[in-house]
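Fold and contact review
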Amino acid sequence: MTNRIIIMNIDFNKSPDGLVPAIIQDAITNKVLMLGYMNNQALQQTIDSKLVTFFSRTKQRLWTKGEESGNVLNLVDIKLDCDNDTLLVFVNPKGPICHKGSDTCWNGDNNESYGFISKLENTISSRIENADSQKSYVASLFAKGINKVAQKVGEEAVEVVIEAKDNNDNLFLEESADLLFHYLMLLQVKGFKLNDVVNVLKGREK
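About the cut-offs
Residues numbered from 1 in each chain as written. Predicted model: local features only at pLDDT ≥ 70, side-chain atom pairs only at ≥ 80, totals over all residues. Heavy atoms only, no water. Pairing = 2+ DSSP bridges. Helix = DSSP H or I, 4+ residues; strand = E, 2+ residues; numbered from the N terminus. Polar contact = N/O pair within 3.5 Å; in protein donor to acceptor, adjacent residues only side chain to side chain. Axes fitted to C-alpha atoms, helices over the stretch in contact; angles between N-to-C directions. Buried < 20%, exposed > 50% of the residue type's maximum accessible area, 1.4 Å probe, protein only. Contact = heavy atoms within 4.5 Å. Core = buried A, V, L, I, M, F, W, Y, C linked by side-chain atoms within 4.5 Å. Parallel < 35°, antiparallel > 145°, perpendicular 65-115°, else oblique. Left-handed = near helix turned anticlockwise from the far one by under 90°. Nonpolar A, V, L, I, M, F, W, Y, C, P; charged D, E, K, R; others polar. 1 Å grid on protein atoms, 1.4 Å probe; cavity = no way out; pocket = protein on both sides within 12 Å on 5 of 7 lines; lining within 4 Å. Points joined across faces, edges and corners; volume = space filled by probe spheres on them.

**Structural notes on the pairing of strand β5 (residues 73-80)**
- By the bridge criterion, seven bridges tie β5 to strand β6 (residues 87-93) in an arrangement that is antiparallel. The partner of Asn-74 across the bridge, within β6, is Asn-92.
- Count of turn residues in the β5/β6 antiparallel hairpin: six residues, of which Asn-84 carries a positive phi of about 60°.

**Quick notes on the side chain of Asn-39**
- Relative to the helices and strands, Asn-39 is located in the loop between β2 (32-38) and α2 (40-49).
- Separated by 2.8 Å, the side chain of Asn-39 and the backbone nitrogen of Ala-42 make a polar contact.

**Points about the sheet that holds β6**
- Read across the sheet, four strands follow the order β2-β1-β6-β5 without closing on themselves; strand pairing throughout is mixed. In the strand order of this sheet, the two ends are held by β2 and β5, each with one partner. Within this sheet the neighbouring strands show an average axis-to-axis angle of 30°, counted without direction.
- Pairing geometry for strand β1 (residues 20-26) and β6, over five bridges, is parallel. Of the residues in β6, the one forming a bridge with Ala-22 is Leu-87.

**Thoughts on the environment of Asn-168**
- Take Asn-168: it is sitting in the loop between α5 (146-164) and α6 (169-189).
- Residue class for Asn-168 comes out partly exposed when judged on its relative accessible area of 31%.
- C-alpha of Asn-168 to C-alpha of Ile-78: the two residues are 90 residues apart in sequence and 45 Å apart in space.
- In terms of polar contacts, Asn-168 uses its side chain to reach the backbone amide nitrogen of Asn-170, at 3.2 Å.

**Considering the environment of Lys-152**
- Tracing the sequence through the fold places Lys-152 in helix α5.
- Once the C-alpha coordinates of Lys-152 and Leu-141 are considered, the two residues, eleven residues apart in sequence, prove to be 9.1 Å apart.
- Setting aside chain neighbours within four positions, we find Lys-152 in contact with Tyr-137, Leu-141 and His-182.

**Details of the nonpolar core**
- If you look at the biggest cluster of nonpolar residues, it comprises 23 residues, and the most contacted ones within it are Ile-24, Met-38, Leu-43, Leu-87 and Val-89.
- Listing elements by their share of this core, those giving two or more residues are α1 (3-9), β1, β2, α2, β5 and β6.
- Counting residues in each nonpolar core, the second largest holds 14 residues, with Ile-117, Leu-120, Met-185 and Val-198 among its members.

**Details of the packing of helix α3 (residues 116-130) against α6**
- Where α3 meets α6, the axes come as close as 10 Å, and the angle between the chain directions of the two elements is 55°. Between α3 and α6, the interaxial angle falls into the category oblique. Judged by the sense of rotation from one axis to the other, the crossing of α3 with α6 is right-handed. Of α6, the residues touching α3 (which contributes Ile-117, Leu-120, Glu-121, Ile-124, Ser-125 and Ile-128) are Leu-180, Phe-181, Leu-184, Met-185 and Gln-188.
- The class makeup of the residues in the contact of α3 with α6 is eight nonpolar, two polar and one charged.

**Notes on the layout of surface pockets**
- Quantified by volume, the largest pocket comes out at close to 500 Å³.
- Looking at the lining of the largest pocket, the element that brings in the most residues is β2, giving four residues.
- Across the lining of the largest pocket, the residue classes break down as ten nonpolar, seven polar and five charged.
- Estimated volume of the second largest pocket: approximately 160 Å³.
- Those elements that place two or more of their residues in the lining of the second largest pocket are α3 and α7 (194-204).
- If one sorts the elements of the lining of the second largest pocket by residue count, α3 sits on top with three residues.
- The residue inventory of the lining of the second largest pocket, partitioned by class, reads two nonpolar, four polar and three charged.

**Section: the pairing of strand β4 (residues 61-64)**
- Bridge count for strand β3 (residues 53-56) against β4 is four bridges, and the pairing is antiparallel. For Ser-56, the partnering residue across the bridge sits in β4 and is Arg-61.
- Where β3 folds back on β4, the antiparallel hairpin that results is connected by four residues, among which Gln-60 adopts a positive phi of roughly 55°.

And the structure:
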């Protein structure tokens, strides 16, 4: 949906003050950053300037986020919901969002998350920190040092290649899971997380 169509279709009359809620979401991390309100003029200025502008109910005027702090919201895209009365605004934020200094207005961190993979990374970190090598496979392998962890990654990579040449999809997926798990371990042994690798890939994007 183009921005012009959004302006034409949005129903500002559902609210007596002519405002619609605008949910602000990071275009990269997909984290919800804040909630603001826009009238027709605020939406038009947002589209024209590419800087997210709200109608401030407190100041009773148009207010461009970051006009004083410099922590602006660079517009990426706008979507209109099915009832034509709520905006989802995708942005690239510059600096903290909340006036209290946090990344979001819910005091959350605006970091990229990879769902279950991020959860698995946290589990690996917890096992390493607890360092109970008697009960934890992760802790026991970590205790053997980087050479053993790297060796395990190599072994699992070979298994993936072998199974890729076979027709057993289940074994291929099992070995792939083992490879990914041990690679996540190796990253942490080296002091990194998956996001560090993702950032390298982003740097190669053309």
